[in-house]
Amino acid sequence: MGKGEIEWLWKKIEPLVKISESFENDNLKVNEGHHWSILKLLILAQWVWVYTTIIPKHVDQCYYIDLLAGSGAMRVKETNDIVIGSPLIAHLFAREDFDKILLVEIDKTTFAALQARLKRIIPAYEFKSKFELINADCNDIVSNIVSKVENTISAEKKKVHCLTFVDNWGLDTAWKTIEALMQIYTDLIILFPTVGIRRVFSIAKDSQGSQAFSSSLVRFFGDYSWKEAEDVEDLLELYKSKLSDKFKEKRRRDLYVSEIRVGDKQFYYDLILVCKKGPYVDAWEYIKKRLNWTDPETVNIAMNTLKRRDQVMLEIFAGLDYKISEIEKKKPRKAGKRTHTLEDFT
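Residues numbered from 1 in each chain as written. Predicted model: local features only at pLDDT ≥ 70, side-chain atom pairs only at ≥ 80, totals over all residues. Heavy atoms only, no water.

A. Layout of the packing of aromatic side chains. Tallied over the entire structure, the rule returns 13 aromatic pairs. Judged by centre distance (5.7 Å) and plane angle (15°), the ring pair of Phe127 and Phe131 falls under stacked. The structure contains a cluster of three or more aromatic residues connected by ring pairs, namely Trp175, Phe192, Phe220, Phe221 and Tyr239. Above the plane of the ring of Phe23 lies Arg117, whose end atom (NZ or CZ) is 4.9 Å from the centre. Geometry around Trp175 places Lys242 over its ring, the cationic atom sitting 5.0 Å from the centre. (Phe/Tyr/Trp six-rings, centres within 6.5 Å; stacked < 30°, edge-to-face > 60°. Lys NZ or Arg CZ within 6 Å of the ring centre and 35° of its normal.)

Written out as structure tokens, the structure is:
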């Protein structure tokens with residue numbers, strides 16, 4: 001990463017501090033989260049960086065889709081800090097801007113807060129042309145999102161690829177929603193609520209367990225296969241296996257599915273990446289190994305990244321830059337042709 005790129009990076013993320021500070025007194029709803037929750041934002045930021053460095057070279061348009069977008073801000077319970085949410089992470093950390101950003105939020109108050117914050121921060125012309133906010137249950141309107149992407153491909157004859165973030169707080173997204181998304185070319189980053197699902201599973205597994213909890217698991221997994229699991233680790237493997245099977249069925253491609261475990265013994269979750277298998281995924285392996293995602297010190301690094309300048313952040317993105325350059329060299333360049341083709345990512 002040269003001097004020019006470092007300056008570009010700081011220019012891109014410099015607004016982070018001012019934006020976060022502006023959220024502290026705007027009297028709008030703020031989502032609450034544990035300090036471990038901000039690590040998903042750091043991971044998302046890194047993958048957005050990788051994605052928007054590589055994918056735009058091979059397609060006409062890139063979309064960012066956030067099915068559970070939230071209010072645009074999160075308050076960390078342990079420290080009372082406010083940090084930006086996933087929609088702004090995607091916008092600010094994109095090396096090449098997304099052509100469209102589709103944000104879905106079910107709660108009316110939360111949706112209003114998100115809309116107000118984005119309108120205040122994003123220039124009006126950009127907000128109108130690039131952002132689409134939808135106040136609805138993502139499970140009810142996912143077919144509309146898929147149709148929007150497919151219509152762009154068919155009507156405008158454009159190659160479109162998406163990055164979809166599914167930030168489950170609980171068992172929010174039905175399996176049918178994940179299935180529908182696999183009809184389009186998209187990377188999926190899915191938060192698997194490992195600890196949260198453990199309690200639901202233990203109650204539902206009991207012969208006298210709540211029917212509501214059982215129904216929630218059926219909706220999340222798409223069937224009763226969860227009943228065969230012995231513990232939450234089995235459930236995680238089951239979910240990954242279902243992702244793999246459905247990806248191959250829908251896309252006819254070899255799948256890469258890998259999770260990053262985040263948190264400690266009391267609170268943890270798994271962030272799962274689903275995409276086509278290929279050299280591209282080396283960047284995820286780098287992200288996975290670069291930091292210890294179960295170490296509380298990593299929380300401090302994430303906070304510094306999201307709140308102010310930090311030398312560690314430069315090291316992280318410099319490492320990603322190097323990894324990206326390695327990926328792009330893995331296939332020999334032929335005269336007049338790109339190093340990779342769309343087939344490598346879809």
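Resuming the write-up.
B. Focus on the pairing of strand β7 (residues 160-166). The buried fraction of β7 is high, at seven of seven residues. With burial as the criterion, each face of β7 is covered, one bearing Val160, Cys162, Thr164 and Val166 and the other bearing His161, Leu163 and Phe165. In the sheet, strand β2 (residues 61-66) pairs with β7 via six bridges, with the strands oriented parallel. Directly across from Tyr63, in β7, lies its bridge partner Cys162. Sheet topology places β7 next to strand β8 (residues 186-192); five bridges connect them, and they run parallel. From the neighbouring strand, Leu163 faces β8, where its bridge partner is Asp187. Considered for its hand, the β-α-β crossover made up of β7, helix α8 (residues 175-181) and β8 is right-handed. (Buried < 20%, exposed > 50% of the residue type's maximum accessible area, 1.4 Å probe, protein only. Helix = DSSP H or I, 4+ residues; strand = E, 2+ residues; numbered from the N terminus. Pairing = 2+ DSSP bridges. Right-handed = clockwise from strand over helix to strand, strands pointing away.)

C. Structural detail: helix α10 (residues 211-221). Along α10, the residues classified as buried are Ser214, Leu217, Val218, Phe220 and Phe221. For α10, the buried positions fall inside an angular range of 165° around the axis, keeping them on one side. On its buried face, α10 sits against α8, β8, α9 (194-205) and α11 (232-251). Looking one or two residues past α10, Gly222 carries a phi angle of roughly 85°, positive in sign. (Arc of directions from axis to C-beta. Contact = heavy atoms within 4.5 Å.)

D. Structural view of the pattern of salt bridges. Under the criterion given, the structure shown has 19 salt bridges. Of the charged contacts in the structure, one is a salt bridge between Lys240 and Glu237, with a shortest N-O distance of 3.2 Å. One end of the pair, Lys240, and the other, Glu237, are both in helix α11, three residues apart, so they sit about a helical turn from each other. Its relative accessible area of 42% is what places Glu237 among the partly exposed residues. Two residues, Asp270 and Arg261, come together in a salt bridge whose shortest N-O distance is 2.8 Å. On the basis of relative accessible area, Asp270 is assigned to the buried category, the value being 1%. If you follow the salt bridges from partner to partner, you end up with Asp26, Arg117 and Arg120 in one network. (Salt bridge = Lys/Arg side-chain N within 4 Å of Asp/Glu carboxyl O.)

In short, geometric facts, not functional conclusions.
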